[in-house]
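The residues making up each chain are set out below.
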Amino acid sequence: MPSFPESLRSELRALLGAENLIEGGETLATLSKDYYWYSPALRPQLDDKRADVVAKPGAVDELRALLAACFKAGVAVTPRGGGTGNYGQCMPIYGGVVVDCSRLDRIHSVEGGVVRAEPGARLITIETVARAAGWELRCYPSTWVKATLGGFFGGGAGGIGGVRWGGIASGDTVKSITLLTCEAEPRTLRYEGAALSAPLRTFGTTGIMIEIEMRLAPKLDYDQVAFSSPDWDKLLDWTDAAMRNGAWRKRVASQFQWPIPSFFKPLKKHIRENEHVSFLMPERSETAAVVASAEAAGLIVSYNRPLSDPPKPPFLSDFTYNHTTLWAMKTDPAFTYVQAGFGDNFRAQITDLMTRYPGEVLIHLEWGARDPDRAVGPNASPDAIGVGGIPLIRYTTAGRFDEILAYARSINVYVGNTHTYHLTATTPEGTAARHALKHDVDPRGLMNPGKMHTFPLNPFAVAS
Ligand SMILES: Cc1cc2nc3c(=O)[nH]c(=O)nc-3n(C[C@H](O)[C@H](O)[C@H](O)COP(=O)(O)OP(=O)(O)OC[C@H]3O[C@@H](n4cnc5c(N)ncnc54)[C@H](O)[C@@H]3O)c2cc1C
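Thresholds, definitions, all that
- Note on numbering: residues in each chain are counted from 1, in written sequence order.
- Thresholds applied to this predicted model are a pLDDT of at least 70 for local features of residues and 80 or more for the giving and counting of side-chain atom pairs; totals over whole chains, interfaces and linings are not thresholded and use all residues.
- Counting from the N terminus, the helices are DSSP H or I runs at least four residues long and the strands are E runs at least two residues long.
- Distance between backbone-placed C-beta atoms decides contact: two residues are in contact if it is within 7 Å.
- Note that the domain bounds reflect an automated or database-derived domain assignment.
- Residue polarity is assigned by list, with Asp, Glu, Lys and Arg as charged and Ala, Val, Leu, Ile, Met, Phe, Trp, Tyr, Cys and Pro as nonpolar; anything else, Gly included, falls into the polar class.
- Core membership is restricted to buried Ala, Val, Leu, Ile, Met, Phe, Trp, Tyr and Cys residues, and these are joined into a nonpolar core through C-beta atoms within 7 Å.
- Three classes are used. A residue is buried when 20 or more other C-beta atoms lie within 10 Å of its own, exposed when 12 or fewer do, and partly exposed in between, with C-beta atoms placed from the backbone.
- For each residue, a C-beta atom is placed from the backbone, and the residue is labelled near a molecule or strand when this atom is within 6 Å of it.
- Each C-beta atom gives one direction from the helix axis, and the arc is the one those directions make.
- Strand pairing is assigned whenever DSSP identifies at least 2 bridges connecting the two strands.
- For every element, the axis is a line fit to its C-alpha atoms; helices are fit only across the contacting stretch, and the angle between N-to-C directions ranges from 0 to 180 degrees.

## Notes on the overall build of the protein chain
For step 1, the next point in the chain: Tallying secondary structure elements over the protein chain gives 14 helices and 21 strands in all.
For step 2, the next point in the chain: Sequence-distant contacts in the protein chain: of pairs separated by 6 or more residues, those separated by 24 or more amount to 73%.

## A word on the domain arrangement of the protein chain
For step 1, the next point in the chain: In terms of domains, the protein chain is made up of domain 1 (103–218) and domain 2 (223–416).
For step 2, the next point in the chain: Across the contact, 18 residues belong to domain 1 and 22 residues belong to domain 2.
For step 3, the next point in the chain: Secondary-structure elements contributing two or more residues to the side of domain 1 that touches domain 2 are α5 (123–132) and α7 (162–165).
For step 4, the next point in the chain: Here the side of domain 1 that touches domain 2 is composed, by residue class, of five nonpolar, ten polar and three charged.

## A few points about the nonpolar core
For step 1, the next point in the chain: One finds A55, L67, C70, V77 and V97 to be the most contacted residues of the largest nonpolar core, which totals 122 residues.
For step 2, the next point in the chain: Of the residues forming this core, the biggest block, six residues, is contributed by strand β10 (residues 208–218).
For step 3, the next point in the chain: Each residue touching V77, except ones within four places of it in the same chain, is listed here: L67, C70, G96, V97, V99, C182, L446 and M447.

## Here we look at unusual backbone geometry
For step 1, the next point in the chain: The omega angle of the peptide bond from W258 to P259 is 15°, so this bond is cis rather than trans.
For step 2, the next point in the chain: Within the fold, P259 resides in the loop between β12 (250–256) and β13 (276–282).
For step 3, the next point in the chain: Omega for the bond connecting D309 with P310 falls within 30 degrees of zero, at 5°, which places this linkage in the cis form.
For step 4, the next point in the chain: As for its placement among the helices and strands, P310 is situated in the loop between β14 (300–306) and α10 (321–331).
For step 5, the next point in the chain: Its identity is not glycine, yet F203 carries a phi of approximately 55°, on the positive side.
For step 6, the next point in the chain: With respect to the secondary-structure elements, F203 resides in the loop between β9 (188–192) and β10.
For step 7, the next point in the chain: Among the residues examined, F203 registers 24 C-beta atoms within 10 Å and is labelled buried.

## Quick word on the site of the ligand
For step 1, the next point in the chain: Inspection of the region around the ligand gives 38 residues, with G81, G151, G154, G155 and G204 positioned closest.
For step 2, the next point in the chain: Going through the elements one at a time, β3 (77–80), α6 (149–155), β10 and α10 are the ones with two or more residues in the shell around the ligand.
For step 3, the next point in the chain: At five residues, the largest contribution of residues to the shell around the ligand is made by α6.
For step 4, the next point in the chain: Broken down by class, the residue content of the shell around the ligand amounts to 14 nonpolar, 22 polar and two charged.
For step 5, the next point in the chain: When residues of the shell around the ligand are sorted by domain, at least three fall in each of domain 1 (103–218) and domain 2 (223–416).

## Looking at α5
For step 1, the next point in the chain: When α5 is considered as a whole, its buried residues turn out to be L123, I126, E127 and A130. Viewed end-on, α5 has its buried residues packed into an arc of 100°, placing them on one side of the element.
For step 2, the next point in the chain: Its buried side turned inward, α5 meets β5 (107–111), β6 (114–117), β7 (135–137), α6 and β10.
For step 3, the next point in the chain: Downstream of α5 by a residue or two, G134 has a phi angle that is positive, lying close to 95°.

## Things to note about the sheet that holds strand β20 (residues 392–394)
For step 1, the next point in the chain: Pairing within the open sheet is antiparallel, and its three strands lie in the order β15-β20-β17. Each edge of the open sheet is held by one strand with a lone partner, namely β15 (335–337) and β17 (361–362).
For step 2, the next point in the chain: Here three bridges tie β15 to β20, and the two strands are oriented antiparallel to one another. In the sheet register, Y337 faces β20, and the bridge partner there is L392.

## Some details on the sheet that holds strand β16 (residues 339–341)
For step 1, the next point in the chain: Spatially, eight strands are ordered β14-β11-β13-β12-β18-β19-β16-β21 in an open sheet, and the strand pairing comes out antiparallel. Both outer strands of the open sheet, β14 and β21 (414–416), are each paired with one neighbouring strand and no more. Each adjacent strand pair in this sheet contributes to an overall mean axis angle of 20°, direction not counted.
For step 2, the next point in the chain: Judged from the three bridges that link them, β12 and strand β18 (residues 364–369) form a sheet pairing that is antiparallel. Pairing of F256 across the sheet is with H364, part of β18.
For step 3, the next point in the chain: Along the sheet, helix α8 (residues 232–244) contacts β11 (223–229), β12, β13, β18 and β19 (385–389); its crossing angle with β12, the most-contacted strand, is approximately 165°.

## Remarks on the environment of V225
For step 1, the next point in the chain: For V225, the position within the fold is in strand β11.
For step 2, the next point in the chain: Distance from V225 to R305, taken between C-alpha atoms, is 6.6 Å for residues 80 residues apart in sequence.
For step 3, the next point in the chain: Not counting residues within four places of it along the chain, the set of residues in contact with V225 comprises L280, P282, T287, V290, V291, V301, Y303 and N304.

Take a look at the structure:
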């Protein structure tokens, strides 16, 4: 790989100021990484990846000049938000410049149920500003304290709120994306409507987003409630029915097989030995009915606290989605995870996995809206909701891991590959649209090279 050009280093220093160009030390190493170490497969592939420099532009014009300079020098450019991705999405495989977007964090407006903001705005900050104006995020990752708007739409999937609104690509949640191209004279391009599917979730390979418009929901007040039972099926039946009850508005529903709850150390006094647990965030005026229904079904309410407005910890969501994996790994680093989607026969699929791999596969479920238009309210339909999750797997060898995934697939569990840094596969039409976009916005193939592996142009791979 060619060495980093000294002329570019000087140019970036002059452009951004030395304090906004990180050229070495621990900070350079930290800002070159994300949570890729969740994956035993990714660790050996990515452990040594480092940026040559990390640049922190504070204005769009600085970013434009930076992109033009990198284009001219033929140097790789990798955008970074909060660095909380799990697949090495923001890690520079071929070095070059990591563009840290944290100073591009202005929230321009919250108007008519739409937030317009720069990519570095953190999601919890957007929620705080939105709530003050009577709105809330439709969905957010459990990492919302650190994760940014650009990172969520560049590499995320969904999360809290998904049981009502689906993931980031569902419905009309994203209104527009504006990005800068990587060219001699970077252009500003705006995408909306059907054109949004190409630039969404491309791991920073198709330009740098500089502004996002995202639709919000009218704000509600929520409680955070945990339900406990030694009987897995009883808990699953109740949680599933509660999720499909369109009269109850809720922001999250997760269920954890024992001993997962024992990994949640900060909740220790609310966790009952040998009992499985469900977490719910019901709308506050409906909490009493939700709790009464659970108690009538024989469940114990082991935790019940309001979600504060503006948002402040404790957050029960700190234990959901991929936070569950984090707590498990803190207890036993041998745990890793997979992304799973279950079918209409989810009870049988789950029981099958629990019985076949006791102690080796631990079930963690999340409910999500397959059809947000029918998830709540008068048009609600139970089949608008699907059951997925992030089961934990105690990792021993690659062979054993693959064997477990092959078995899960053989019983028709959808298993997403969470152990590659390559862009998630899409339909042939989707791939063609991605390639067309890449050709247009990144003609030299400099943007986060190696991640869009289906794209033939990677000048760094050719050179090495
Ligand atoms: C404990 C834990 C829990 C998690 N829970 C969830 C969850 O509930 N839901 C979920 O979806 N994910 C989850 N994740 C993954 C991750 O937190 C989210 O996807 C998050 O939205 C990423 O945001 P970020 O700002 O950290 O992005 P980063 O990791 O910094 O970047 C993600 C991708 O976006 C690209 N990118 C960043 N900024 C831009 C930009 N301006 N223009 C173009 N591309 C850009 C980067 O190049 C990278 O490819 C979790 C991860 C962890 C470690």
